Amino acid sequence: MTQHTPEEITALLAGAADPEHRLAVHQELYPEVVNLATAENVLVYPSLRDNVFAELGVLEQRDVKYAPSYGSAEIRADIAAMLRPALSPDLTADDVFGTAGVSAALECLAFALREGGVLRSGDRVLLPAPYWQGFNWCFEQRPELLCVPVHLRELGEEHFDLTLEDIQHVYRTQPEPPKLLVLTNPNNPLGDNYSQDLLESIYRWVLNETGMHIISDEMYAHSQLTGAGPEFVSALSLNAYKNNPEARNRVHVVWGFAKDFGMSGFKAGVVISRSPMVQLAMKGIKDKQNSYSWFTPFDSLKHFVIGKMLKTTSGGESYPLVLMEQYRDWLTAAFEETRAALDSGRLPYRYREGQNAAQFFWLDLRAYLPPRGTAVIPPEIGPHFPQPDRVPEPFAADAEKQATAALPILFPSISSEEEWLRWYIATYAQVQLLPGQLLSCAEPGYFRLCYTAVDTADVVASVQRVADLLAPWSNGER
């Protein structure tokens with residue numbers, strides 16, 4: 001338990017504007033609360049520790065000097081080789097540009113397209129919702145674009161199925177034509193792989209009938225359950241991309257080591273683009289303009305650690321590729337154990353048999369929301385500790401829970417009902433879930449659970465605590 005005063009705690013939390021950063025601060029302050037909200041992957045760490053980190057050796061003098069900001073030719077070639085089986089057999093080092101994480105890669109792409117005259121301040125970016133909240137920072141804070149959620153309603157709001165018609169409807173109802181479409185495949189937070197037929201239809205329409213560029217965020221490309229379908233298909237492998245000469249100028253991919261390789265703290269990502277405009281921005285212009293990666297570099301420590309990993313072999317084969325095959329088995333086992341715990345606890349979630357889940361469960365906890373309008377949390381109040389008389393009646397602590405120290409309200413900007421439920425689960429089950437409205441979900445009551453964020457046994461125990469806490473609702477007692 002933290003030793004900070006309530007005033008210090010709320011000030012620290014308020015200083016972290018991004019939800020996942022705020023949760024990281026919360027984790028430092030309250031380490032006893034299990035954070036299943038933030039997208040992390042601990043499943044591959046034991047293998048990385050034994051096969052890479054324990055064998056790193058000493059940093060040589062060359063390893064602490066400046067490295068090429070977008071990555072040396074050697075490491076870009078090694079990254080391209082590692083990604084070819086998943087993304088495209090045609091991928092080369094010339095297509096790959098390193099950055100300090102995928103968030104930086106996205107921002108670099110936005111700046112490159114602005115520099116090239118494709119985008120200007122105020123242009124709209126279409127994002128199928130729910131979507132990762134970090135897109136808002138990447139595109140709005142400095143590139144000054146406007147993120148527009150595409151709510152998935154064509155096949156029913158509760159299904160969360162992307163359709164071309166959903167994208168077309170939002171595109172055609174904007175005051176000005178949007179200039180950028182961003183697709184996350186596999187999806188975060190839903191975990192789906194988009195089918196090739198769906199992607200082909202979307203890319204054909206965008207490339208042939210609009211002026212939009214497409215960014216495909218493929219951060220979770222290797223996060224695949226065994227036997228999941230439809231199989232993952234990269235934008236670079238689509239016929240709509242390969243058979244359209246214009247596509248190389250308007251389709252861009254981002255990927256990073258944070259999710260599949262569990263190296264989120266390294267902030268190591270790549271822009272993948274064959275666009276001359278983007279490549280010029282990422283390389284820089286002689287004596288005129290520095291590489292965009294210079295401001296967010298693939299630094300020497302990344303070269304040292306990730307470079308060593310990419311060169312590591314296992315049984316004569318590429319260790320990273322072997323690791324990704326093993327990871328599929330570990331991911332599938334963790335998914336099945338977590339799913340069994342959710343089913344046992346009668347906690348509902350969105351999933352269709354056989355589909356992919358990446359690293360997530362999309363929980364449907366709408367039945368546990370307090371009545372609308374109860375104990376409204378003013379959005380402007382910021383993180384704060386709730387007054388006991390402000391806690392809505394369904395969540396008021398009973399006698400045996402009164403000794404539990406209440407945790408702070410973290411997200412007053414979302415609906416009060418959803419934030420009260422998050423607060424209740426965090427305070428009394430000691431489990432942190434990510435509210436769906438932070439991910440631009442239209443309806444309150446959905447939560448993202450990352451089942452790779454901690455060891456699977458701790459995930460299962462956490463799910464059981466949430467289920468026990470909410471059981472009275474399931475039993476009709478509240």
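Residues numbered from 1 in each chain as written. Predicted model: local features only at pLDDT ≥ 70, side-chain atom pairs only at ≥ 80, totals over all residues. Heavy atoms only, no water.

(A) Quick peek at the side chain of T210. Tracing the backbone shows T210 in the loop between α8 (196-209) and β6 (213-217). In this structure the side chain of T210 is engaged in a polar contact, spanning 2.7 Å, whose partner is the backbone oxygen of V206. In this structure, T210 is in contact with Y171, W205 and R250, ignoring residues within four places of it in sequence. (Helix = DSSP H or I, 4+ residues; strand = E, 2+ residues; numbered from the N terminus. Polar contact = N/O pair within 3.5 Å; in protein donor to acceptor, adjacent residues only side chain to side chain. Contact = heavy atoms within 4.5 Å.)

(B) Spatial organisation of the nonpolar core. F139, F257, M309, I425, Y451 and L470 are the most contacted members of the largest nonpolar core, which has 144 residues in total. Broken down by element, this core gets its largest block of residues, nine residues, from helix α13 (residues 319-344). Setting aside residues no more than four positions away along its own chain, I425 makes contact with L365, Q430, V431, L433, V466, L469 and L470. Listed in part, the 20 residues of the second largest apolar core include L13, L407, F411 and C441. (Core = buried A, V, L, I, M, F, W, Y, C linked by side-chain atoms within 4.5 Å. Buried < 20%, exposed > 50% of the residue type's maximum accessible area, 1.4 Å probe, protein only.)

(C) Examining the pattern of salt bridges more closely. If you walk through the whole model with that rule in mind, you get 18 salt bridges. The salt bridge involving E443 is made with R366; its shortest N-O contact spans 3.4 Å. Placement of the pair is E443 in the loop between β14 (434-435) and β15 (446-450) and R366 in the loop between β12 (360-364) and α14 (416-428), with a sequence separation of 77 residues. Linked through salt bridges whose partners overlap, the residues forming this network are R120, D123, E176 and K179. (Salt bridge = Lys/Arg side-chain N within 4 Å of Asp/Glu carboxyl O.)

(D) Highlighting α8. Taking 1.5 Å of rise per residue, 14 residues should cover 20 Å, and α8 covers 19 Å from first to last C-alpha, within 8% of that figure. Where α8 is concerned, the buried positions are L198, L199, E200, S201, I202, Y203, W205, V206 and L207. If you follow the buried residues of α8, they end up packed against α7 (164-172), β5 (180-184), β6, α9 (239-242), α10 (247-250) and β7 (251-256). (Expected span 1.5 Å × (residues − 1).)

(E) Focus on the sheet that holds β6. Taken in spatial order, the seven strands line up as β2-β8-β7-β6-β5-β3-β4 in an open sheet, and their pairing is mixed. For this open sheet the edge positions go to β2 (96-99) and β4 (146-151), each flanked by a neighbour on one side alone. Across the sheet, the mean angle separating the axes of adjacent strands is 25 degrees when strand polarity is ignored. Across five bridges, β5 lies against β6 in parallel orientation. Along β6, the bridge assignment pairs L183 with S216. Across the sheet, helix α5 (residues 102-115) is in contact with β2, β5, β6, β7 and β8 (269-273); its angle to β7 comes to roughly 160 degrees. (Pairing = 2+ DSSP bridges. Axes fitted to C-alpha atoms, helices over the stretch in contact; angles between N-to-C directions.)

(F) Layout of the pairing of β15. Among the five residues in β15, five count as buried, and that is most of the element. Relative to β15, β12 is paired through five bridges, and the arrangement is antiparallel. Counterpart to D364 in the pairing with β15 is Y446. Bridge count between β14 and β15: two bridges; the pairing is antiparallel. Bridged to P435 within β15 is F447.

(G) Layout of the state of the cysteines. For the structure on display, the rule yields zero disulfides. Cysteine C138 remains unbridged, with the sulfur of C147 as its closest cysteine sulfur at 8.5 Å. Classification of C138 as buried rests on a relative accessible area of 5%. C147 gets classed as buried once you look at its relative accessible area, which sits at 9%. (Disulfide = S-S within 2.5 Å.)

(H) Representation of unusual backbone geometry within the structure. Looking along the chain, the bond that leaves N185 and enters P186 is cis, with omega of -5 degrees. The residue P186 is located in the loop between β5 and α8 in this model. Here K267, not a glycine, exhibits a phi torsion of approximately 50 degrees, which is positive. Here K267 lies in the loop between β7 and β8. Here R346, not a glycine, exhibits a phi torsion of approximately 60 degrees, which is positive. Tracing the backbone shows R346 in the loop between α13 and β11 (349-350).

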